[in-house]
Amino acid sequence: MTDLTTRLIHHPYQPPEGFDAVMPPVHKASTVIFPNVAALRQRQWRDKTGYTYGLHGTPTTFILEERIATLEGGLQTLLVPSGLAAISLVNMALLRSGDEVLIPDNAYGPNKELARHELARWGITHRLYDPLDLRGLAGLITPATRLIWIEAAGSVTMEFPDVPALLALARERGLTTALDNTWGAGLAFNPFDVLGDGASGVDISVQALTKFPSGGGDILMGSVTTREFSLHHTLKLSHMRMGWGMGANDVELVLRSLPSMALRYDAQDASARALASWWAAQPEVVQLLHPAFASCPGHANWQALCTRAAGLFSVVLDARIEQVKMDAFLNGLKLFKLGYSWAGPVSLVVPYDLVTLRQRPSWSGTVVRFALGLESAADLIADCAQALPLLRA
Ligand SMILES: *Cc1c(COP(=O)(O)O)cnc(C)c1O
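Now for a look at the structure at hand. Going along each chain's sequence as written, the residues are numbered from 1 onward. The predicted origin of the model limits local features to residues at a pLDDT of at least 70 and limits the giving and counting of side-chain atom pairs to 80 or more, whereas totals for whole chains, interfaces and linings rest on all residues. As a rule here, side-chain values cover all heavy atoms of the structure and leave hydrogens and water aside.

### What to know about the pattern of salt bridges
A pair can form between side chains of opposite charge whenever their charged atoms are brought close. Any carboxyl oxygen of Asp or Glu within 4 Å of a side-chain nitrogen of Lys or Arg constitutes a salt bridge here. Inspection of the entire model under this criterion finds 11 salt bridges. Here aspartate 105 and lysine 112 are joined by a salt bridge, their closest N and O atoms 3.7 Å apart. Burial classes follow relative accessibility: with a 1.4 Å probe on protein chains only, a residue under 20% of its type's maximum area counts as buried, one over 50% as exposed, and anything between as partly exposed. Residue lysine 112 is classed as buried on the basis of its relative accessible area of 4%.

### Observations concerning the state of the cysteines
Here, the term disulfide refers to a pair of cysteine sulfur atoms separated by no more than 2.5 Å. If you walk through the whole model with that rule in mind, you get 0 disulfides. Between cysteine 296, a free cysteine, and cysteine 306, which holds the nearest cysteine sulfur, the sulfur-to-sulfur gap is 12 Å. Summary of cysteine pairing: cysteine 384 is not part of a disulfide, and the nearest cysteine sulfur, belonging to cysteine 296, is at 18 Å. Residue classification places cysteine 384 among the buried residues on the basis of a relative accessible area of 0%.

### Considering helix 5 (residues 109-121)
With 13 residues, helix 5 extends 18 Å from end C-alpha to end C-alpha; this agrees with the ideal 18 Å at 1.5 Å per step. The complete set of buried residues in helix 5 reads Asn111, Lys112, Leu114, Ala115 and Leu119. Summarising the contacts, the buried residues of helix 5 are in contact with helix 4 (83-94), strand 2 (100-104), strand 3 (125-129), strand 4 (145-151) and helix 13 (354-357). By the criteria applied, helices consist of DSSP H or I runs no shorter than four residues and strands consist of E runs no shorter than two, each listed in order from the N terminus. Phi for glycine 123, located one or two positions after helix 5, is positive at around 80°. Multiplying one less than the number of residues by 1.5 Å gives the expected span of a helix. Whether two residues are in contact is decided by their heavy atoms, any of which lying within 4.5 Å being enough.

### Some points on the sheet that holds strand 3
Two strands pair if DSSP finds at least two bridges between them. Taken together, 7 strands build an open sheet; the order of strands is 1-7-6-5-4-2-3 and the sheet is mixed. Edge strands, defined here as strands with exactly one partner in the open sheet, are strand 1 (76-80) and strand 3. Strand-to-strand twist of the sheet, defined as the mean angle between neighbouring strand axes without regard to direction, takes the value 20°. Alignment of strand 2 against strand 3, held across 5 bridges, turns out to be parallel. Residue valine 101 lies in a different strand from strand 3, and its bridge partner there is histidine 126. A fitted line through C-alpha atoms represents every axis, and for helices the fit uses only the stretch in contact; the resulting angles, taken between N-to-C directions, go from 0 to 180 degrees. Where helix 7 (residues 163-172) meets the sheet, it contacts strand 3, strand 4 and strand 5 (176-180), and its direction lies at approximately 170° from that of strand 4.

As far as function goes, none of this settles anything; it's purely spatial.
Listed below in structure tokens is the structure:
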């Protein structure tokens, strides 16, 4: 039983005697009752050998934590109420006043907003780095630098960094690395062993479980996964003090979706590549941004680590296209809905303005990000084709 797809379904969960149902139960609790005073006095929350209080974990949350750790190739996982909360937890647990954090310019936007506002108020500074310029990144490291965020591929513009080189630089300079692994989801590459030789891995991998593990477009949840117990323990203490427990019903829905995750990932990947190829042939497209295509910055870095890709990509459209035509096109799409997030059943589309998105944008014009759902690829291509004349009108 070595394949991840299989291990996500068959897990050493022990059902109650005589009730070996396919899915684990939903355990709900704030209060957990102790059998006697001695048990209460010896309560143990450190390593999941016992239960103390609902906020600190239930059998249901422990099962999901173990499965996400399996998915990511980690050893410990903490659950939080959103992907953004996972990013916050890492920053809050590891940074203090006077520290600096480095964030890629193509990071998930709210990660940068968190640094600009909350972290700044607490005396923690940040700098944005070009994810494809390692020498530039090395030049930003100072004695105050504590943590480097990595995203592979980056959000919206999809540049794929040289992850092993980034990790080598961080290790050399004694810096902690945190990967936002929402795109790879534990399926595109192993964040704790990126080259598969055991020599190169991140310290922390966070994921918006909101995306692939949920897959429904109806759950918000995040995870923070590690391999080193002392780092996990630091994160766990902050997690407990901050009160970021999860409701068992949402946890159950993610547990229910996990077994189909690899199938959904691959189906959306195939549809995205088909639609991306179609877009690449349209004259309005200045550049196709999909890490599996040679036109995407960092394509060779993707190729060195992955064969899979998440089902999303962007196109840079000709800057001369007026916004009114752009809006007519987007409004004219029937299957693609306007909305944030991705990896759910419904295909989504969002326009982004490059000038507000990036410190130093490499292109001018509008970027349109397509996130493929589970509809048929032929129907999704036909949807874009029927709306395309509105872009040209
Ligand atoms: C969606 C997303 C998040 C945040 O997830 P939420 O659960 O919506 O807070 C974080 N990082 C990346 C890369 C994302 O795409």
